[in-house]
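Residues per chain, in single letters:
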Amino acid sequence: MNKLEKYARLLVEVGLNVQKGQTVIIAAPVECAAFARMCASAAYAVGCREVIMDWGDDYLARQKYLHAADEVFDEVPEWRKNFYNGYARQGAGFLRISASDPENLKGVDPDRLRRASIASGAALSEYRNAVTNNGTPWCIASVPIPSWAKRVFPDAKTEQEAMEKLWEKIFAAVRVEDETDPVQLWHEHIKRLSYYRDKLTEYNFKYLHYTNSLGTDLMVELPENHFWAAGSEISKGGIEFVANMPTEEIFSAPKFDGVNGKIVASMPLVKDGNIIDNFYMILKDGKIVEVHAEKGEEILKNAISIDEGASYLGEVALVPYDSPIQNSKTLFYSTLFDENAACHFAFGEAYPMVKGSDEMTPEEQKAHGLNISKTHVDFMIGTADLNIVGITHDGEKIPVFVNGNFAF
Ligand code: ZN
Ligand code: ZN
C-alpha cells in the first residue's frame, strides 16, 4: 500500500470510522478528485452503504463572489439545506477534504463573505449542530493543490516540486510513513492525548494564567463543570471518530465573560484568503474591546463583528510546542495544520464543553458560560516561552505549561 492509499484508509477507518451500512458524504475540491476517489473506495471496502460527493471549486467560488447577483449571498437553496441537514439527521459520516488557495478570496467584498456566512450558518444549522455536538461522525483533512503548495513553498522551482514538498509535510503531520501502520500510530497518539485531557479535566481549574515574552498576559476563567476534549470523540450513535486530522490539541471552552488581559498572536491568521499578521487583542470581561494588526486589521475587525458572540472567545486549546507540526517549521496557511502547531484560542462559537451541555438549548449553554456565535475562528498564541499556570478553586497554583510544553 502506498502512502496515498494509507492516508485514504486512515481517514476512513480512524477519521470517520465508517461503519457497515453507513452513508458517507465526501466534500472535496475538483482538483483533489483522484484522492477523493481513493477515500470513496476505502469507504466501500469497509462496507459503507453509499458514497455521495459534494464537489467544490475555488475558481467558481471566486467568480461567484465577484460576479453573482447581490441577493445570492443572503440565501441558501432548499436542496442544499435538505442535503446537509437530511444526511446529518440520518447519522451519515461527513468527510471534508479541504484544500484551497489561501488567497483565493482576496479582494472579494467582505460584506458578501459576511452575509454568505450568516446565511449558510442559519440554513445549515441542523447540520452544524450535529457536527459541533458530535451528533454524527465527521472528519476534516487536507491534500495539496498547486495554488496552496506554491503559497507554502514560494521558493520551489516548479509547481511539481512545491506539491511534493507539501505532500511530505502533510504525511509527516498525519503520521503516514512508509514502514509503519498509521492506524496503529494513531491509536497510540490518541491514548497520549487522552492522558492530558483526563488530567486537565481532573484538575478542574478555575483559571488559567498565560504569560510569555511577546506580551501575552491573560487570565482565562473556565466554566463550572467544564471538561477537556482531545483526539477522538464519540458520536451520538456510539461511533468513535477523529474530527480533525492532524490533531495535537487538548481543548475546552472559556467562560465567555470571564477572560481578561492581553493576547498577542504568535502566527499569522488566514481568514477567507486574507492574511492578518502581527496582531493583539485586549479583552475585558470576555469582550474583545481592542484589536490592532499590522496587516489585515479591517478584516479582523469585520470577523469579530459578524454577531455579538464573535467578539468573545469560544475555545481554549493547548498544544505542546514540541509537536510534529511546530517542528516542521512550516506555515501551512491552513487552520487545520497551523492550529495544531501552537496553543490557540478561537473567537466565536464554543463547543459544548460543560457537562450536559450538548442537551442544552443555546440560551442554557450561554447561562453556563459557553459562547454562542455563527462564527468560530482559531488564532495561534503559543510560543517556546509560553507559561501557563492553573489556579484551582482553592487558590492553589499548578504549572500547566513551562516553556511551551506540558509541565506534567
Ligand atoms: Zn482548536
Ligand atoms: Zn477551533
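What you see is a predicted model; the values in this text were computed from it and never measured.

A. How the structure looks around the overall build of the chain. Per the secondary structure count, the chain includes 13 helices and 20 strands. Rg of the C-alpha trace for the chain: 20 Å, near the compact-globule value of 22 Å for 408 residues, within the 12% margin. Across its three principal axes, the chain shows a C-alpha extent of roughly 55 × 50 × 50 Å. Contacts in the chain between residues at least 24 apart in sequence constitute 74% of all its contacts with a sequence separation of at least 6. Accessible area for the chain stands at about 17,600 Å²; split by element, carbon and sulfur atoms hold 48% of it.

B. Examining the coordination of the zinc ion (ligand 2) more closely. All of the protein donors around the zinc ion (ligand 2) are Glu 315 (OE), His 376 (NE2), Asp 378 (OD) and Asp 378 (OD); their distances to the metal are 2.0 to 2.5 Å. Geometry at the zinc ion (ligand 2) is irregular, judged from its four donor atoms and the angles of 54 to 136° they form at the metal. Separating the zinc ion (ligand 2) and the zinc ion (ligand 1) is a distance of 3.3 Å, and Glu 315 donates to both of them. Of this pair, Glu 315 sits in strand 15 (residues 313-318) while His 376 sits in strand 17 (residues 376-380), and the two are 61 residues apart along the sequence. What makes Glu 315 buried here is its relative accessible area of 2%. Residue classification places His 376 among the partly exposed positions, given a relative accessible area of 25%.

C. Broad picture of the coordination of the zinc ion (ligand 1). Taken together, Glu 249 (OE), Glu 315 (OE), Glu 339 (OE) and His 344 (NE2) make up the protein donors of the zinc ion (ligand 1), found 1.9 to 2.2 Å from the metal. Taken together, the four donor atoms surrounding the zinc ion (ligand 1) define angles of 82 to 158° at the centre, an arrangement classified as irregular. In the primary sequence, the donor residues of the zinc ion (ligand 1) line up as E-x65-E-x23-E-x4-H.

D. Up close: the sheet that holds strand 2 (residues 50-56). The four strands are arranged 2-1-3-4 in an open sheet whose pairing can be described as parallel. At either margin of the open sheet sits one strand with a lone partner, and together these are strand 2 and strand 4 (138-141). Mean inter-strand twist for the sheet, computed between neighbouring axes without regard to direction, equals 15°. Across the sheet, helix 1 (residues 3-16) touches strand 1 (23-29), strand 3 (93-97) and strand 4, and the angle it forms with strand 4 is around 145°. Docked against the sheet, helix 2 (residues 33-45) engages strand 1, strand 2 and strand 3, running at close to 165° with respect to strand 2.

E. Highlighting the packing of aromatic side chains. Using the criterion set out here, one finds 26 aromatic pairs in the structure. Summarising the aromatic geometry, the rings of Tyr 7 and Trp 167 are spaced 6.4 Å apart at their centres and angled 85° between planes, so their arrangement reads as edge-to-face. Here Trp 167 lies in helix 8 (residues 159-173) and Tyr 7 lies in helix 1, a separation of 160 residues in the sequence. An angle of 65° between the planes, with centres 4.8 Å apart, marks the rings of Phe 401 and Phe 406 as edge-to-face. Overall, the relative accessible area of 1% leaves Phe 401 in the buried class. These aromatic residues form a ring-pair network of at least three members: Tyr 195, Tyr 196, Tyr 203, Phe 205, Phe 401, Phe 406 and Phe 408. Here the guanidinium or amino end of Arg 151 rests over the ring plane of Tyr 333, the centre of that ring lying 4.4 Å away. Directly above the ring of Tyr 280 sits Lys 262, whose terminal nitrogen or CZ lies 4.4 Å from the centroid.

F. Molecular detail of the environment of Asn 134. In this fold, Asn 134 is placed in the loop between helix 6 (125-132) and strand 4. Taking relative accessible area as the criterion, Asn 134 reaches 14% and is therefore assigned buried. Between the C-alpha atoms of Asn 134 and Tyr 351, which are 217 residues apart in sequence, the distance is 9.7 Å. Apart from the residues lying within four places of it in its own chain, the contact partners of Asn 134 are Glu 233, Ile 234, Ser 235, Lys 236 and Phe 241. Here the side chain of Asn 134 touches Glu 233 through a polar contact of 3.0 Å, side chain to side chain.

G. Region of interest: the pairing of strand 11 (residues 259-264). Pairing geometry for strand 6 (residues 217-221) and strand 11, over four bridges, is antiparallel. Across the sheet, the residue bridging to Val 220 is Val 259, located in strand 11. Where strand 11 meets strand 13 (residues 274-284), four bridges bridge the pair, whose relative direction is antiparallel. Note that in strand 13 the partner of Lys 262 across the bridge is Ile 282.

H. The sheet that holds strand 15, seen in detail. Strand order in this open sheet of five strands is 7-10-15-16-17, and the pairing throughout is antiparallel. The two strands at the open ends of the sheet, each matched to only one other strand, are strand 7 (229-230) and strand 17. The pairing of strand 10 (residues 250-252) with strand 15 spans three bridges and is classified as antiparallel. Across the sheet, residue Phe 251 finds its bridge partner in strand 15, namely Ala 317. Across the face of the sheet, helix 9 (residues 182-203) comes into contact with strand 7, strand 10 and strand 15 while running at roughly 35° to strand 10.

I. The arrangement of helix 4 (residues 78-89) in detail. Counted at 1.5 Å a residue, the expected span for helix 4 with its twelve residues is 16 Å, and the 16 Å between its end C-alpha atoms agrees. For helix 4, the full list of buried residues reads Phe 83, Tyr 84, Asn 85, Gly 86 and Ala 88. Against strand 1, strand 2, strand 3, helix 5 (110-123) and helix 6 lie the buried residues of helix 4.

J. The arrangement of the pairing of strand 6 in detail. Examined bridge by bridge, strand 5 (residues 207-211) and strand 6 share five bridges and lie antiparallel to one another. Bridging from a neighbouring strand, Thr 211 pairs with Asp 217 of strand 6.

K. Local environment of the environment of Thr 361. By the element assignment, Thr 361 lies in the loop between strand 16 (344-348) and helix 13 (362-367). Along the backbone, Thr 361 and Ile 234 are 127 residues apart, and their C-alpha atoms lie at a distance of 20 Å.

Conventions and cut-offs
- Here the residue index of a chain counts from 1 through its sequence in written order.
- Chains and ligands are labelled by the order in which they are written, letters from A for the one and numbers from 1 for the other.
- Note on the predicted model: pLDDT of at least 70 is required for a residue's local features to be given, and 80 or more for side-chain atom pairs to be given and counted; whole-chain, interface and lining totals, by contrast, use all residues.
- To get the side-chain values, take all heavy atoms of the structure and skip hydrogens and water.
- Secondary structure counts use DSSP, requiring at least four H or I residues in a row for a helix and at least two E residues in a row for a strand, with both numbered from the N terminus.
- Here the radius of gyration uses the C-alpha set of atoms, whereas the globule reference equals 2.2 Å times the residue count to the power 0.38.
- We call two residues contacting when some pair of their heavy atoms lies within 4.5 Å.
- Calculation of accessible area relied on Shrake-Rupley with a 1.4 Å probe; when residues are assessed, cover is drawn exclusively from the protein chains displayed.
- The rule for donors is simple: N, O or S, within 2.8 Å of the metal, or within 3.2 Å if the metal is Na, K or Ca. Water isn't counted, so a site may look like it is missing partners.
- Four donors are marked tetrahedral only if all angles between them lie between 85 and 135 degrees, whereas four are marked square planar and six octahedral if opposite donors are more than 155 degrees apart and the other angles lie between 65 and 115; the remainder are marked irregular.
- For every residue, the accessible area obtained with a 1.4 Å probe (protein chains only) is divided by the maximum for its type, and the residue is called buried under 20%, exposed over 50%, and partly exposed between those limits.
- Pairing between strands requires that DSSP locate at least two bridges from one strand to the other.
- Fitting a line to C-alpha atoms yields each axis, with helices limited to the stretch in contact; the angle taken between N-to-C directions then spans 0 to 180 degrees.
- For Phe, Tyr and Trp, where Trp contributes only its six-membered ring, two rings pair if their centres lie within 6.5 Å, and the inter-plane angle classes them as stacked under 30 degrees, edge-to-face over 60, or tilted in between.
- Criterion for a charge above a ring: Arg CZ or Lys NZ at most 6 Å from the ring centre, at most 35 degrees from the ring normal.
- Here a polar contact means two N or O atoms within 3.5 Å. Within protein one must be a hydrogen donor candidate and the other an acceptor candidate, and residues neighboring in sequence count only if both atoms are side-chain atoms.
- To estimate how far a helix should reach, multiply one less than its number of residues by 1.5 Å.

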